[in-house]
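Summary of the model geometry
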Amino acid sequence: MRYALLLAPSANHVYAAQAPALARAELAVFAGALATPLDEVAETTVAGVDYLVFEAPGRLPARDVALLSNLSAAYALFEVTDDDLLRPVELTPLARYDTDLITIPKYAGKTNEQFTRLLLNVTLLASDSAGRFLDGGVVVGDPLCGRGTTLNQALMYGHDGLGIEIDGKDVEIYLSFLKTYLKRKRLKHTTDFHPVRRDKRTVARRMEVVVAASKDDHRSGVTQKLVVLHADTLDAQAVLRPACVDVIVTDLPYGVAHGSHGGERGVSRRPAQLLAAALPEWERLLRPGGAMGLSFNTRVSPRDEVAELVEESGLTVADDVTGFLHRVDQTVERDVLVARKPA
Ligand SMILES: C[S@@+](CC[C@H](N)C(=O)[O-])C[C@H]1O[C@@H](n2cnc3c(N)ncnc32)[C@H](O)[C@@H]1O
């Protein structure tokens, strides 16, 4: 059976000519979670439009289609018939909420939402939680969460979120967006805010939102929890218990103006220094069997250096998750590195 995956026009917008290659690298990671082996994966153009084509020994089972529906660049899937016609296969991407949860926030320094989804996908699939990809309930941590792009994607997938952000303005704007969103969509939720004190010092402000994605979920007690800490990620140890997240997905400051806006205690303009200091904290937050997905600007943080720091923290770089280096703009060449914590 031959399949053709049509890439979302937005993928070309984000990655320009690199979109098909990135989609192919992402598909390679998804392939590990499918019941059906994929073969003959190739980028192709049909009538001037980019597709990724692949072969499977038979028709893809529903669960495989459900998984592939979440590829960050997937727009539509087709079976290619013997006479080269395209027969649509319905995609069923995870969408606990309306997609405007992801698309409304727009601000300088936002990590592109499609790229964030890619990073979350490949990290989840590299972790021991891969089998729960479609089931929800995975705890997704973003220890540099900004205004919550990763956390919103985690909610969208039905997972829980835990964010840390040093910039109080970002935290406030994010939570105010979220509360307005939940009210406007009439979704039942509760909120809780309190300072976290250690040794007579306030080390963080903790904000918790518990939400049911629908009336049915509310009735049956199915909720998702989102915690955002206004804190220095280097204080994570003082604020959070060990092994509290299943995956860590984070976009490091790019070391250029739009990627690192000033926080209360001064945001590091040297992402490698921040990473070196933060990795032991983040490693501790991960459950055994968990995975960490980092994205970074290779112009300021070469991949080898990031890999070395990650290995020094006790994690193992996932060499099977590769092929994501791409150009963002004149100053940013972004790459992805995923590492596992031994089970
Ligand atoms: C590249 S941005 C992430 C943006 C985020 N993914 C989003 O879409 O909103 C990196 C973030 O790290 C935050 N940051 C930098 N140093 C930090 C620290 N020591 N503790 C917590 N957050 C920090 C910055 O304020 C910034 O929001």
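Before any of the text, the structure's been laid out above.
All residue numbers refer to positions counted from 1 along the written sequence of the respective chain. Two thresholds apply to this predicted model, a pLDDT of at least 70 for residue-level local features and 80 or more for giving and counting side-chain atom pairs, whereas whole-chain, interface and lining totals are computed over all residues. Processing note: side-chain calculations cover all non-hydrogen atoms of the structure and skip hydrogens and water entirely.

1. A closer look at the site of the ligand
Working definition: residue near molecule or strand if any one of its non-hydrogen atoms lies within 4 Å of it. With respect to spatial proximity, 22 residues lie near the ligand, and among them Tyr-107, Thr-111, Thr-149, Glu-165 and Thr-233 are the closest. Polar contacts here mean pairs of N or O atoms no more than 3.5 Å apart (in protein, one a potential hydrogen donor and the other a potential acceptor; neighbouring residues in sequence count only if both atoms are side-chain atoms). The contact in question runs from a nitrogen atom of the ligand to an N or O atom on the backbone of Ile-166, over 3.2 Å. Broken down by class, the residue content of the shell around the ligand amounts to 8 nonpolar, 8 polar and 6 charged. Think of it as three bins: nonpolar holds Ala, Val, Leu, Ile, Met, Phe, Trp, Tyr, Cys and Pro, charged holds Asp, Glu, Lys and Arg, and polar takes everything else, Gly as well.

2. Concerning the pattern of salt bridges
Opposite charge on two side chains lets them pair, provided their charged atoms get close. A carboxyl oxygen of Asp or Glu within 4 Å of a side-chain nitrogen of Lys or Arg is what we treat as a salt bridge. A full pass over the atoms with the stated rule returns 18 salt bridges. The partner of Arg-219 in a salt bridge is Asp-216, and the shortest N-O contact between them spans 2.8 Å. Highlighted residues: Arg-219 and Asp-216, both in helix H8 (residues 215-219), separated by 3 residues, approximately one helical turn. Of the two residues examined, Arg-219 and Asp-216, each falls in the exposed class. Salt-bridge contacts for Asp-246 lead to Arg-287; the nearest nitrogen and oxygen are separated by 2.7 Å. The helix and strand labels rest on DSSP assignments: H or I over at least four residues marks a helix, E over at least two residues marks a strand, and numbering proceeds from the N terminus. Three exposure classes are used, based on accessible area relative to the maximum for each residue type with a 1.4 Å probe and protein chains only: buried under 20%, partly exposed in between, and exposed over 50%.

3. Let's talk about the sheet that holds strand S4 (residues 74-80)
The pairing criterion for strands is at least two bridges between them, as found by DSSP. Strands sit in the order S2-S3-S1-S4-S5 across an open sheet of 5 strands; the sheet is antiparallel. Sheet topology places strand S2 (39-46) and strand S5 (86-89) at the edges, where each strand pairs with a single neighbour. In this sheet, adjacent strand axes meet at a mean angle of 30 degrees when their direction is disregarded. The sheet contact formed by strand S1 (residues 2-7) and strand S3 (residues 49-55) spans 5 bridges and is antiparallel. Across the sheet, the residue bridging to Arg-2 is Glu-55, located in S3. What counts as an axis is a line fitted to C-alpha atoms, over the stretch in contact for a helix, and the angles between N-to-C directions run from 0 to 180 degrees.

4. A short note on the side chain of His-326
Tracing the backbone shows His-326 in strand S14 (residues 326-327). By definition in these notes, contact holds between two residues if any of their heavy atoms fall within 4.5 Å. Residues within four places of His-326 in sequence aside, it is in contact with Tyr-15, Gln-18, Leu-22, Phe-115, Val-332, Glu-333 and Arg-334.

Taken by themselves, the reported measurements are silent on function.
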